[in-house]
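Working through the structure, step by step
For reference, the chains in residue letters:
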Amino acid sequence: MRVNKDDQVLVISGADRGKRSRVVRVDKGKELVTVEGVNVVRKAVRRSRRNPQGGRLSMEMPIAVSNVQVICPVCTQPTRVGVRFGTDEAKFRICKKCGADIGQISPAKK
Ligand SMILES: [Zn+2]
């Protein structure tokens, strides 16, 4: 699972196919991501303390990670993500298209 919060992603499947947006939440266990403005459902909610008005609320539902592709911030292409090992076993994500580092996965071991 190589998608992180705040990544830009391209939705490649489902009703929102083709949309580019930002990841707002990641569920690593279930391999789900919630993407801003993607898979929005209107949900009827009762009056509650959090929602004193009640009524209908738009909210994004999580989608499977396999339905999105990370957009490389360097070459702005939707890409697959590779892993590069740095010194002392530090791990970095790299763009498979241009080879740029797009964030660290785990720090160096000392
Ligand atoms: Zn790239």
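Residues numbered from 1 in each chain as written. Predicted model: local features only at pLDDT ≥ 70, side-chain atom pairs only at ≥ 80, totals over all residues. Heavy atoms only, no water.

Considering the sheet that holds strand S6 (residues 63-64)
- Pairing is antiparallel in the open sheet, where six strands are placed in the order S6-S3-S2-S1-S7-S8. This sheet does not close on itself; its edge strands, each paired only once, are S6 and strand S8 (78-79).
- Judged from the two bridges that link them, strand S7 (residues 68-71) and S8 form a sheet pairing that is antiparallel. When the sheet's bridge partners are listed, Ile71 is paired in S8 with Pro78. (Pairing = 2+ DSSP bridges. Helix = DSSP H or I, 4+ residues; strand = E, 2+ residues; numbered from the N terminus.)

A word on the coordination of the zinc ion
- Protein coordination at the zinc ion comes from Cys72 (SG), Cys75 (SG), Cys95 (SG) and Cys98 (SG), with a distance range of 2.3 Å.
- Considering all four donor atoms around the zinc ion, angles at the metal cover 105 to 114 degrees and the coordination shape is tetrahedral.
- The sequence pattern formed by the donor residues of the zinc ion is C-x2-C-x19-C-x2-C. Pair noted here: Cys72 is in the loop between S7 and S8 and Cys98 is in the loop between strand S10 (91-95) and strand S11 (101-106), with a separation of 26 residues, a long-range link. (Donors = N, O, S within 2.8 Å, 3.2 Å for Na, K, Ca; no water. Tetrahedral: all angles 85-135°; square planar, octahedral: opposite > 155°, others 65-115°.)

Concerning the domain arrangement of the protein
- Partitioning the protein into domains gives domain 1 (1-71) and domain 2 (73-110).
- The gap between the C-alpha centroids of domain 1 and domain 2 is 24 Å.
- Each partner contributes to the interface: domain 1 provides nine residues, whereas domain 2 provides 11 residues.
- Taken together, both faces of the contact between domain 1 and domain 2 bury some 810 Å²; the carbon and sulfur share is 50%.
- On the domain 1 side of the interface with domain 2, the three residues burying the most area are Arg2, Val70 and Ile71, jointly 64% of the side's total.
- Connecting domain 1 to domain 2 are one salt bridge.
- With a closest N to O distance of 2.9 Å, Asp7 and Arg93 form a salt bridge.
- Across the domain 1-domain 2 interface, the total number found is four residue pairs in polar contact (both at pLDDT 80 or more). (Domains from an automatic or database assignment. Contact = heavy atoms within 4.5 Å. Buried area = accessible area lost by both parts, 1.4 Å probe. Salt bridge = Lys/Arg side-chain N within 4 Å of Asp/Glu carboxyl O. Polar contact = N/O pair within 3.5 Å; in protein donor to acceptor, adjacent residues only side chain to side chain.)

Observations regarding the nonpolar core
- Within the largest apolar cluster, 15 residues are counted, with the highest numbers of intra-cluster contacts made by Val3, Val9, Val33, Val35, Ile63, Val68 and Val70.
- Contributing elements (two or more residues each) for this core: strand S1 (8-11), strand S3 (32-35) and S7.
- When residues are assigned to domains, this core turns out to be shared by domain 1 (1-71) and domain 2 (73-110), each giving three or more.
- Sequence-distant contacts of Val68, that is, excluding residues within four places in its chain, are made with Val3, Val9, Leu10, Val11, Ile12, Val33, Val35 and Ile63. (Core = buried A, V, L, I, M, F, W, Y, C linked by side-chain atoms within 4.5 Å. Buried < 20%, exposed > 50% of the residue type's maximum accessible area, 1.4 Å probe, protein only.)

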